[in-house]
Amino acid sequence: MDGTAILFILAIAGVVSMAFTAIKKLLDEVPEVLDSAGQARDAWRRFRRPELPRSTDDDHEPPAAA
């Protein structure tokens, strides 16, 4: 093998390594994207039907009836 073939093999290995890294980073973001999509869907449903109760994430007490 001459030097050109070795450089070609190293270049291909580098490209494959970078592609795998990019795919891994993309797949690591999938759960966060799905969570955001779920939150957006819930917000849209609350917007379309305001009578639905909001999520119980807040710790505020409802105002007392007078």
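Not measured: the values here are computed from a predicted model.

Quick notes on the overall build of the protein chain
Tallying secondary structure elements over the protein chain gives two helices and zero strands in all. Counting all 66 residues of the protein chain, 2% fall into the buried class. As presented, the protein chain carries roughly 6,600 Å² of accessible surface, and 64% of it is formed by carbon and sulfur atoms.

Topic: the pattern of salt bridges
Once the charged atoms of two side chains with opposite charge are near each other, the side chains can pair. Inspection of the entire model under this criterion finds two salt bridges. The closest approach of N and O atoms between lysine 24 and aspartate 28, which form a salt bridge, is 3.0 Å. On the criterion of helical spacing, the pair formed by lysine 24 and aspartate 28 is a turn pair, its members being four residues apart in helix H1 (residues 3-28). Residue lysine 24 is classed as exposed on the basis of its relative accessible area, which comes to 53%.

Re a nonpolar patch on the surface
A cluster of nonpolar residues, Phe8, Ile9, Ile12, Val16, Phe20, Ile23, Leu27, Val30 and Leu34, forms a patch on the protein surface that exposes about 900 Å² of accessible area. Examined against the element boundaries, leucine 27 turns out to sit in helix H1. With relative accessibility at 54%, the residue leucine 27 sits in the exposed group.

So, how was this worked out
- Residues numbered from 1 in each chain as written.
- Predicted model: local features only at pLDDT ≥ 70, side-chain atom pairs only at ≥ 80, totals over all residues.
- Heavy atoms only, no water.
- Helix = DSSP H or I, 4+ residues; strand = E, 2+ residues; numbered from the N terminus.
- Buried < 20%, exposed > 50% of the residue type's maximum accessible area, 1.4 Å probe, protein only.
- Areas by Shrake-Rupley, 256 points an atom, 1.4 Å probe, with all protein chains shown as cover.
- Salt bridge = Lys/Arg side-chain N within 4 Å of Asp/Glu carboxyl O.
- Patch = residues over 30% accessible without salt bridge, like charges linked within 9 Å, V, L, I, M, F, W, Y side chains within 5 Å.

Function-wise, these values are silent; they only describe arrangement.
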